[in-house]
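In case you want the letters, here they are:
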Amino acid sequence: MHKYDVAIIGLGPAGLSLIHFLMKESFNRDVIAFEAKKYVGLNNHCAGLVSSTFIRLMWPFTRDITINSFRGFYVTTLSTNKSLHVKLNNKAYVINRVEYERKIFEKIENSITYRLREPVIDIWKNKIILRKNRSIEVKTIVISEGSTHKLRTRILGKRDKDRVYGIQEDVKTKPEYIHDFTIIFSDKYTKEFFGWLIPLSINKARIGIAGNKVSLKMLRSFEKHIVKKKLITEIVGRSKPFGGSILIKPPSKTDHVNSLIFLGDSGYHVKPLTGGGLFIHVLFSKALAKALAIAHNNEEALNLYYKETLMIRKRLYMQNIISQIIRKLSERDKAKIIEVLHQNEIFFKDYDFHEVSLLSLLANSSILLKVLTSSPLIIKEFLKSKAQ
């Protein structure tokens, strides 16, 4: 039986990024990859918002896949006619994620062994179990199966309250703003609800919602409300809805166990404030590729990997604290904060690590006083989050 050095389970953005960075590190050991679906980039299920940093880091794969660019974004609720405008120091983009994955795969497919339509059934020690009682022995196994967590749950058990569910669709309409997207909070539909409006062009937009429980009927109702708010004109056409799980927890200490490494959504490598993962996947993949390339054994590789990603983990943990506070605030509290701050000029220096900009914003004593006066619950929730 041939023994592989590294096996990658799942050829989504995390698995593909890892292979790309292994190639850049001139990793010359045997790598095999498994993908349960028949094609790479088969499903579109994320909003596709990314930063300028991501575009530069993954160039040239990000060439010609940007759909629109953004100078900033608005934050509002369904219950107020005010909105908070946040300007970005560097542009954000919405990309064609399916095409992004396909472009990476085209680059790497002749450099590794891979098997499409080959779901991994189980993992036993250093063996990958496939259908029909087949198995492959591997030194290091990287699980990048996405947010399904089938293998992760089988190996580590389930993590409580780790996600919300999202559904979105592209619609024919005229957005009020072309180069700003909008985040909309509401208590009208379900717990931990938020929605988004991402302009794709002057006559097309991506509209989505997320929460503990969402439905197509709920999405349609939300669309009617943002038409009433004049954020878009009447919708005259729709694409097929798409969506999936949105993870809202930071990486845990169990994103690697023995020779198993959980990468991407499988390792909770996402921004808890937004659930976005493409950029964070790249950071963890790059660090893991470097560790695997220079280490002499698994233990050394995992130690290097953890040290290399420690600061990212700390920043995502801080995002999680802020995210918990925001989710606990009622729509009324959020509306009050927006109403007292909407005339302030707000800039985000770093689109990926929002916590830096948010904490800098609150460092302004006048702004902090306004926020705390409008919603004293913030102090209580912050102390509770720190205690946890």
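Just so it is clear, the model here is predicted, and its values are computed rather than measured. Residue positions are counted from 1 within each chain, in the order its sequence is given. A pLDDT threshold of at least 70 governs which residues receive local features in this predicted model, and a stricter bar of 80 or more applies before side-chain atom pairs are shown or counted, although totals over entire chains, interfaces and linings include all residues. The basis for every side-chain value is the complete set of non-hydrogen atoms in the structure, without hydrogens or water.

Focus on the overall build of the protein
Heads up, the condition is: Helix numbering and strand numbering both begin at the N terminus, where a helix is a DSSP run of H or I of at least 4 residues and a strand a DSSP run of E of at least 2. Our radius of gyration is a C-alpha quantity, and the globule rule it is checked against amounts to 2.2 Å times the number of residues to the power 0.38. Here the term buried applies to any residue with accessible area under 20% of the maximum for its type, exposed to any over 50%, and partly exposed to those in between, with areas from a 1.4 Å probe on protein chains only. Note on contacts: a residue pair is in contact if any heavy atoms of the two residues lie within 4.5 Å. For accessible areas, the Shrake-Rupley method is used with a probe of radius 1.4 Å. Any residue's cover is judged against the shown protein chains and nothing else. Within this scheme the basic residues Lys and Arg register as positive and the acidic residues Asp and Glu register as negative, but His and the chain ends are omitted. A charged residue contributes its charge at one atom only: NZ of Lys, CZ of Arg, CG of Asp or CD of Glu.
Within the protein, the secondary structure is distributed over 11 helices and 18 strands. Relative to the 2.2 N^0.38 estimate, which gives 21 Å for 388 residues, the radius of gyration of the protein is 21 Å and therefore close to what a compact globule would have. Principal axes of the C-alpha set define a box for the protein whose edges measure 65 × 50 × 35 Å. Here the protein holds 388 residues, and 53% of them are scored as buried. Long-range pairs, those at least 24 residues apart, make up 74% of the contacts in the protein between residues at least 6 apart in sequence. Summed over its atoms, the accessible surface of the protein is roughly 18,800 Å², and 52% of this surface lies on carbon and sulfur atoms. If the 64 positive side-chain charges of the protein are averaged to one point and the 36 negative ones to another, these points end up 3 Å apart.

Some remarks on the side chain of T173
Tracing the backbone shows T173 in the loop between β10 (163-172) and β11 (180-185). Given a relative accessible area of 4%, T173 falls into the buried group. Setting aside chain neighbours within four positions, we find T173 in contact with I202, N203, K204, A205, I232, T233, E234 and I235.

Examining the environment of I202
Position of I202 relative to the elements: it lies in the loop between β12 (194-201) and β13 (204-211). Looking at I202, the relative accessible area reads 57%, which means it is exposed. Taking the C-alpha atoms as reference points, I202 and S69, separated by 133 residues in sequence, lie 12 Å from one another. Ignoring sequence-local partners within four residues, the contact set of I202 consists of T173, K174, P175 and I178.

Topic: the environment of D350
By secondary structure assignment, the location of D350 is in the loop between β18 (346-348) and α9 (354-362). Residue D350 is classed as partly exposed on the basis of its relative accessible area, which comes to 22%. The sequence separation of D350 and K230 amounts to 120 residues, and the corresponding C-alpha distance is 29 Å. Here D350 is in contact with R315 and S357, once residues within four sequence places are set aside.

Some remarks on the nonpolar core
Keep this limit in mind: Among the buried residues, those of types Ala, Val, Leu, Ile, Met, Phe, Trp, Tyr and Cys that are joined through side-chain atoms within 4.5 Å form a nonpolar core.
Within the largest apolar cluster, 46 residues are counted, with the highest numbers of intra-cluster contacts made by I8, F54 and Y100. Among the elements of the structure, β1 (3-9), α1 (13-24), β2 (31-35), α2 (52-57), α3 (97-108), α6 (278-294) and α7 (298-328) are those that each provide at least two residues to this core. The element contributing the most residues to this core is α6, with 11 residues. For Y100, the contacting residues outside a window of four places in its chain are P13, S17, F54, M58, F61, T62, I65, I95, L278 and V282. Listed in part, the 26 residues of the second largest apolar core include L88, A92, V164 and F181.

Quick look at the packing of aromatic side chains
Quick note on the threshold: Stacked, edge-to-face and tilted labels apply to pairs of Phe, Tyr and Trp rings (six-membered ring for Trp) whose centres lie within 6.5 Å, assigned for plane angles under 30 degrees, over 60, and everything in between, in that order.
Tallied over the full model, the rule gives 12 aromatic pairs. Seen in terms of ring centroids, F70 and F181 are 5.4 Å apart; in terms of plane orientation they differ by 85°. Their pairing is edge-to-face. Within this pair, whereas F70 is found in strand β4 (residues 66-77), its partner F181 is found in strand β11, the two being separated by 111 residues in sequence. Here the two residues F70 and F181 agree in accessibility, since each one is buried.

What to know about the pattern of salt bridges
Worth spelling out the cut-off: When a carboxyl oxygen of Asp or Glu lies within 4 Å of a side-chain nitrogen of Lys or Arg, that pair is called a salt bridge.
As enumerated under the stated definition, the model contains 16 salt bridges in all. Across the salt bridge formed by R154 and D122, the nearest N and O atoms sit 3.9 Å from each other. Of this pair, R154 sits in helix α4 (residues 150-156) while D122 sits in strand β7 (residues 122-124), placing them 32 residues apart in sequence. On the accessibility criterion, R154 (54% relative accessible area) is exposed. Owing to a relative accessible area of 25%, D122 belongs among the partly exposed residues under this scheme. Between E169 and R220 there is a salt bridge, with its nearest N and O atoms 2.5 Å apart. Residue E169 is found in strand β10, and its partner R220 is found in helix α5 (residues 216-228); the two are separated by 51 residues along the sequence. Look at E169 and you get buried, because its relative accessible area is 0%. Residue R220 is classed as partly exposed on the basis of its relative accessible area, which comes to 26%.

A short note on the packing of α1 against α3
Operational definition: The axes are straight lines fitted to the C-alpha atoms, using for helices just the contacting stretch, and the angles between their N-to-C directions are given from 0 to 180°. Left-handed describes a crossing whose near helix is turned anticlockwise from the far helix by less than a right angle; the clockwise case is right-handed. Residue type decides the class: Asp, Glu, Lys and Arg count as charged, Ala, Val, Leu, Ile, Met, Phe, Trp, Tyr, Cys and Pro as nonpolar, and the leftover types, Gly among them, as polar.
As a packed pair, α1 and α3 sit with axes 10 Å apart at the nearest point and diverge in direction by 35°. Here α1 and α3 pass one another in a crossing that is left-handed. In contact with P13, L16, S17, I19, H20 and M23 of α1, α3 contributes R97, Y100, E101, I104, F105, K107 and I108. Of the residues assigned to the contact of α1 with α3, the class counts are 8 nonpolar, 2 polar and 3 charged.

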